[in-house]
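Structural characterization, general
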Amino acid sequence: MKKLVWTAAIAAALVAHAVPMSAYAQDKSKKQSQEEPSVRTEMGEPLKAAQEALQAKKYKEALTKIAEAEVAGGDKITPYERYILDRMRGSAAVGAGDTNLALKTFNSVLESSLLPANERVPTLDALVRLSFSAKNFPATIDALEKYRAAGGTNTTTLEILPQALYLAHRYADATRELNKNMAATEAAGGKPTEHQIQLLASCALKLNDMKAYLAALQRMVTYYPTDKYWLDLIVRTANRNGFSDRLTLDVYRLRQQTNTLVSSSDYMEAVQLSLQAGFPGEADRLLKDGYKKGVLGKGDAGEVSRQKRLQELVARKIAEDKGTMAEGERLAAQQAGGDALISTGQNYVAYGQYDRGIDLMEKGLAKGSLKRPDESRLHLGYAYFLAGKKAEAVKMFATVKGADGSRDLAALWSILSHK
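Residues numbered from 1 in each chain as written. Predicted model: local features only at pLDDT ≥ 70, side-chain atom pairs only at ≥ 80, totals over all residues. Heavy atoms only, no water.

1. Considerations on the overall build of the chain
A tally of regular secondary structure across the chain gives 24 helices and 0 strands. Taken over the C-alpha trace, the chain has a radius of gyration of 34 Å; the compact-globule value for 419 residues is 22 Å, which it surpasses by more than 25%. The dimensions of the chain, computed from C-alpha atoms along their principal axes, are 115 × 50 × 30 Å. Burial statistics for the chain: of 419 residues in total, 46% are counted as buried. For the chain, long-range pairs separated by at least 24 residues make up 58% of all intrachain contacts whose partners lie at least 6 apart in sequence. As presented, the chain carries roughly 20800 Å² of accessible surface, and 52% of it is formed by carbon and sulfur atoms. Between the centroid of the 58 positive side chains of the chain and the centroid of its 49 negative side chains there is a distance of 2 Å. (Helix = DSSP H or I, 4+ residues; strand = E, 2+ residues; numbered from the N terminus. Rg over C-alpha atoms; globule rule 2.2 N^0.38 Å. Buried < 20%, exposed > 50% of the residue type's maximum accessible area, 1.4 Å probe, protein only. Contact = heavy atoms within 4.5 Å. Areas by Shrake-Rupley, 256 points an atom, 1.4 Å probe, with all protein chains shown as cover. Lys, Arg positive; Asp, Glu negative; His and termini not counted. Charge placed at Lys NZ, Arg CZ, Asp CG, Glu CD.)

As structure tokens, then:
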């Protein structure tokens, strides 16, 4: 309703500017001697009354007086008189809530050669908002295209276009418009609105374009991160075709850092995967995090007992592991390839010995002959992240190019590293 009142105020201001009171009643000799056009005397009195009603916000009364003036003009209404009638009728119709009549008459105003050039953009602006409030989306789009072509630059008005395109079911066009607007905003150092990104994501879903949907979610967690957005993005990324099961533990690592491990089964599986990978220190960290957040240690007696047994297993594995780490490091250094150094370094990182672990991982990466180099770079980036070396992490994640899902995870880690 506020938008309607605001539009009516614009329309009324345009009418008041275009129709001077002196134009309503002039004798013929005086009218003939003037270059400026005017309305005939018989139309002047009802139009003057109509303007007074408009100023008093008596819109229905104004419509009645405008109709009287039109009747008085008969079949000899001049283009100028028609122009004045339309401008006043459009303003009165907006105030009276008759949007269809307002749209019809303002379109007529726009087609008139009598409309001053400097008033075309404001009139189109009013027409855009009227059309949108009437849910006439094709008319809104048409008015917006004319508005932009006429030089209209009001950001609030232009932002209506992708919304109108979406509501008109033109999702691909809405996507192009949104991407263009957001790219311009980002290039200027700003950030898109949350509504824009939500609309972009909805367009992607309507088009069944999962790649575009994930790109929209990436923008969302970049600018408006929430646990909900992160979980949706991570889960959908991991469910994409071609995503390797080998990276499941990496998915859980990312979920832990984004506070999206929410169930005891999530934690239990993550802990077991860490043990299987040979990182009991990481398994211990996950268990402690689950208990701290109150996710573990609850439920029926059987579930609590299972969690307790897993906790005891982790403790035994840690005791065994710490007794062999030094020898493992020595053997890893003797290997021809760097995989053993990468794995050994990860293990140190899992215990919080970041500098020592990262050093070994860097040496392993430099040695080369890696079975899965992209995974190795992903894990080194993760180690940098845990150590608080965010700049190094971002650089390392940028080098991950694997099509098995490692590149996708690296992109998400990179977003998180910028926070």
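2. So, the confidence of the model for the chain
Mean pLDDT over the chain works out to 90, with 92% of the residues at or above the 70 mark. Taken as a whole, residues 1-6 scores under 50 in pLDDT and shows 4 contacts with residues more than four places along the chain or in a different chain. (pLDDT = per-residue confidence, 0-100.)

3. Some remarks on the side chain of serine 417
When you line up the elements, serine 417 lands in helix H24 (residues 406-417). On the basis of relative accessibility, which here comes to 4%, the residue serine 417 falls in the buried class. Within the structure, serine 417 has its side chain in polar contact with the backbone oxygen of tryptophan 413 (distance 2.7 Å). Residues within four places of serine 417 in sequence aside, it is in contact with Phe385, Lys390, Ala393, Val394 and Phe397. (Polar contact = N/O pair within 3.5 Å; in protein donor to acceptor, adjacent residues only side chain to side chain.)

4. Describing the environment of serine 108
Here serine 108 is to be found in helix H6 (residues 99-111). With a relative accessible area of 28%, serine 108 lands in the partly exposed category. Taking C-alpha positions, serine 108 is 84 Å from arginine 316, a pair spaced 208 residues apart along the chain.

5. Concerning the pattern of salt bridges
The final tally for this structure, using the stated rule, is 29 salt bridges. Lysine 293 serves as the salt-bridge partner of aspartate 289, at 3.4 Å between the closest nitrogen and oxygen. On the accessibility criterion, aspartate 289 (15% relative accessible area) is buried. The residue aspartate 359 makes a salt bridge to lysine 363 at a minimum N-O spacing of 3.2 Å. With aspartate 359 and lysine 363 both in helix H21 (residues 354-367), this residue pair falls 4 residues apart, about one helical turn. (Salt bridge = Lys/Arg side-chain N within 4 Å of Asp/Glu carboxyl O.)

6. Thoughts on empty space enclosed by the protein
The final tally for this structure, using the stated rule, is 1 cavity of 30 Å³ or more. Within this model, the largest cavity holds a volume of roughly 80 Å³. Lining the largest cavity are Arg253, Phe279, Glu282, Arg285, Gln346, Val349, Ala350, Met361, His379, Tyr382, Ala383 and Leu386. The set of elements that each furnish at least two residues to the lining of the largest cavity consists of helix H17 (280-292), helix H20 (339-350) and helix H22 (373-386). The leading source of residues in the lining of the largest cavity is H22, at 4 residues. Grouping the amino acids of the lining of the largest cavity by side-chain chemistry returns 7 nonpolar, 2 polar and 3 charged. (1 Å grid on protein atoms, 1.4 Å probe; cavity = no way out; pocket = protein on both sides within 12 Å on 5 of 7 lines; lining within 4 Å. Points joined across faces, edges and corners; volume = space filled by probe spheres on them. Nonpolar A, V, L, I, M, F, W, Y, C, P; charged D, E, K, R; others polar.)

7. Observations regarding the layout of surface pockets
Within this model, the largest pocket holds a volume of roughly 440 Å³. Broken down by secondary-structure element, the contributors of at least two residues to the lining of the largest pocket are helix H15 (248-257), helix H16 (264-276), H20 and H22. A total of 4 residues in the lining of the largest pocket trace back to one element, the largest contributor, which is H20. For the lining of the largest pocket, the per-class residue count stands at 5 nonpolar, 5 polar and 8 charged.

8. Things to note about the nonpolar core
Within the largest apolar cluster, 88 residues are counted, with the highest numbers of intra-cluster contacts made by Leu47, Trp230, Leu378 and Trp413. With 8 residues, helix H5 (residues 79-96) is the largest single contributor of residues to this core. Apart from the residues lying within four places of it in its own chain, the contact partners of tryptophan 413 are Arg253, Leu254, Gln257, Leu378, Tyr382, Phe385 and Phe397. Judged by nonpolar contacts, the second largest core, of 23 residues, contains Leu249, Val314, Met325 and Tyr351. (Core = buried A, V, L, I, M, F, W, Y, C linked by side-chain atoms within 4.5 Å.)

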